[in-house]
Amino acid sequence: MRGRHLVGFAAIALGVGFNIPYAVLASIFEYPQILHRPEGEILTRFAAGGPPLIAAWYGFMLAALSLVPIATALAITPGRLRTMPAMALGAALSGVLAGLAQAIGLARWVFVVPILATEPASPAGQAQLALLNAYGGVAIGENLGQLLTALFVGQMAEIQRREEARRTAGLGAATALCIAIGTGEGPAIVLGIGGQPFAAMTIAGFAGLSLWLLATGWLAIRHRSV
């Protein structure tokens, strides 16, 4: 019982906690809109942000990384290993990979961008930032990381549906769908289509993720199906 309570509180803490560095970044760095600005402007703004900005990015990275143990604990229970082992293990694996992918994508702002920001006017540095954001940000963090997050939440929603936690399952399914649709932003930009509708779905999806984590954590605290 104590273990399930701990898992529940951890899920609630993540549901609230990852919004804190996001809100700080939105306030002091205009994230995520800043990502669509010229690389020189991004580097100049980053350099002006100093240590508090780097600390906010580090906190955001840690929030993503915390999904690794929390997803595992949420997905795997003794009962599920008996009744639906493939679904439980699959959800845990996708959650672990999602957390790692998101954290790897965010880590660039902590360990690489500060080096490039020492010379924000450098054309070479701006070109490197463009490549870094395209690969570490769009490809790994936003595309792969979000797809894996959608897969994790979707699998957990199916588990919850089977365990008759229907409202939480419905919220999880809608969340997974929004996040999955949101991954179309990167390919849309590459194809020159424009990614604003996909970006809006991503925002809706991660808002839903916060609510789903809160609901799932509450179920765990009540020692019911999660």
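In the block above lies the structure referred to throughout.
Residues numbered from 1 in each chain as written. Predicted model: local features only at pLDDT ≥ 70, side-chain atom pairs only at ≥ 80, totals over all residues. Heavy atoms only, no water.

Chemist: Looking at this structure, I do not really get the pattern of salt bridges. What am I missing?
Modeler: When the charged atoms of two side chains with opposite charge come close together, those side chains can pair. Taken as a whole and judged by the stated rule, the model has six salt bridges. Here Glu163 and Arg80 are joined by a salt bridge, their closest N and O atoms 2.9 Å apart. In this pair, Glu163 is assigned in the loop between helix 8 (123-162) and helix 9 (166-182) and Arg80 in helix 5 (residues 78-83), connecting sequence segments 83 residues apart. Judged by its relative accessible area of 2%, Arg80 falls in the buried class. Beyond isolated ion pairs, a larger network of salt bridges with shared partners links Glu30, Arg37, Glu41 and Arg45. (Salt bridge = Lys/Arg side-chain N within 4 Å of Asp/Glu carboxyl O. Helix = DSSP H or I, 4+ residues; strand = E, 2+ residues; numbered from the N terminus. Buried < 20%, exposed > 50% of the residue type's maximum accessible area, 1.4 Å probe, protein only.)

Chemist: I'm lost on unusual backbone geometry in this one. Help?
Modeler: In terms of backbone geometry, most residues other than glycine have negative phi values and most peptide bonds are trans. With an omega of 10°, the peptide bond running from Tyr31 to Pro32 counts as cis. Of note, Pro32 is situated in the loop between helix 2 (19-29) and helix 3 (39-65). Notably, Glu30 is not glycine yet its phi reads approximately 55°, a positive angle. With a phi angle near 70°, Glu164 is a residue other than glycine that sits in the positive phi range.

Chemist: Help me out: how do you make sense of the environment of Arg80 in this one?
Modeler: When the C-alpha atoms of Arg80 and Gly184 are compared, they prove to be 33 Å apart, with 104 residues separating the residues in sequence. In this structure the side chain of Arg80 is engaged in a polar contact, spanning 2.6 Å, whose partner is the backbone oxygen of Leu74. (Polar contact = N/O pair within 3.5 Å; in protein donor to acceptor, adjacent residues only side chain to side chain.)

In short, geometric facts, not functional conclusions.
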